[in-house]
Amino acid sequence: KAWKQGLLLGVQSSSDHVSTHTSYAVLYVTEISREAALEAIRARRAYAATDNIVVDFRLNGRLMGESFASAETPRLWARVEGTAAIRKVEVIRNNTYIHTQPGRGPALEFSYADNQPPSGQSYYYIRVEQTDGQLAWSSPIWVRR
């Protein structure tokens with residue numbers, strides 16, 4: 001609901017003491033330091049996962065968490081490395097599923113062009129589902145057209 005209201009928030013997940021090591025907050029950092037981790041959090045360069053799933057998601061070359069203006073067709077690129085076979089990766093725009101990419105094993109890379117983007121601000125993110133039920137979500141990328 002926060003994204004629909006126009007708030008620019010990244011995602012993360014974290015375990016509590018009852019379910020230790022069942023969810024992960026992953027940050028894209030420039031170096032291993034406290035300062036770099038805080039900068040990545042502020043820039044929303046983060047994603048959430050329920051296992052050690054690697055997610056790299058970009059839109060027109062921009063990293064997850066970014067916000068920018070562009071008249072270009074939104075071209076999404078994603079790379080996922082799972083811990084089991086990937087069932088599917090879904091592309092979501094403004095809370096609507098617009099593309100489903102089926103998996104073919106534990107790794108997947110694909111591109112997708114949104115040839116019918118709405119005007120105004122939109123946000124895109126991906127949802128990963130493995131065959132063993134483990135999940136991952138990218139932070140959104142916001143684009144104004």
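Here the structure is a predicted model, which means the values were calculated and not measured. (Residues numbered from 1 in each chain as written. Predicted model: local features only at pLDDT ≥ 70, side-chain atom pairs only at ≥ 80, totals over all residues. Heavy atoms only, no water.)

1. With respect to the environment of Ala2
Next up, step 1: With respect to the secondary-structure elements, Ala2 resides in the segment before strand E1 (24–27).
Next up, step 2: Excluding anything up to four places from it in sequence, Ala2 contacts Leu7 and Leu9. (Helix = DSSP H or I, 4+ residues; strand = E, 2+ residues; numbered from the N terminus. Contact = heavy atoms within 4.5 Å.)

2. So, the side chain of Arg127
Next up, step 1: Relative to the elements of secondary structure, Arg127 occurs in strand E8 (residues 121–130).
Next up, step 2: Relative accessible area serves as the criterion here: at 17%, Arg127 is assigned to the buried category.
Next up, step 3: Here the side chain of Arg127 touches Glu129 through a polar contact of 3.2 Å, side chain to side chain.
Next up, step 4: The residues contacting Arg127, other than those within four sequence positions of it, are Lys88, Val89, Glu90, Ile92, Tyr97, Leu135, Ala136 and Trp137. (Buried < 20%, exposed > 50% of the residue type's maximum accessible area, 1.4 Å probe, protein only. Polar contact = N/O pair within 3.5 Å; in protein donor to acceptor, adjacent residues only side chain to side chain.)

3. So, the packing of aromatic side chains
Next up, step 1: Inspection of every chain in the model, using the stated rule, returns three aromatic pairs.
Next up, step 2: Taking 4.9 Å as the distance between ring centres and 55 degrees as the angle between the ring planes, the aromatic pair formed by Trp3 and Tyr125 counts as tilted. One end of the pair, Trp3, is in the segment before E1; the other, Tyr125, is in strand E8, and 122 residues separate them in sequence.
Next up, step 3: The class of Tyr125 is buried, set by a relative accessible area of 12%.
Next up, step 4: Each member of the aromatic cluster is reached from another via a ring pair, and the members are Trp3, Tyr123 and Tyr125.
Next up, step 5: One cation-aromatic arrangement involves Arg62 over Phe68; the distance from NZ or CZ to the ring centre is 4.4 Å. (Phe/Tyr/Trp six-rings, centres within 6.5 Å; stacked < 30°, edge-to-face > 60°. Lys NZ or Arg CZ within 6 Å of the ring centre and 35° of its normal.)

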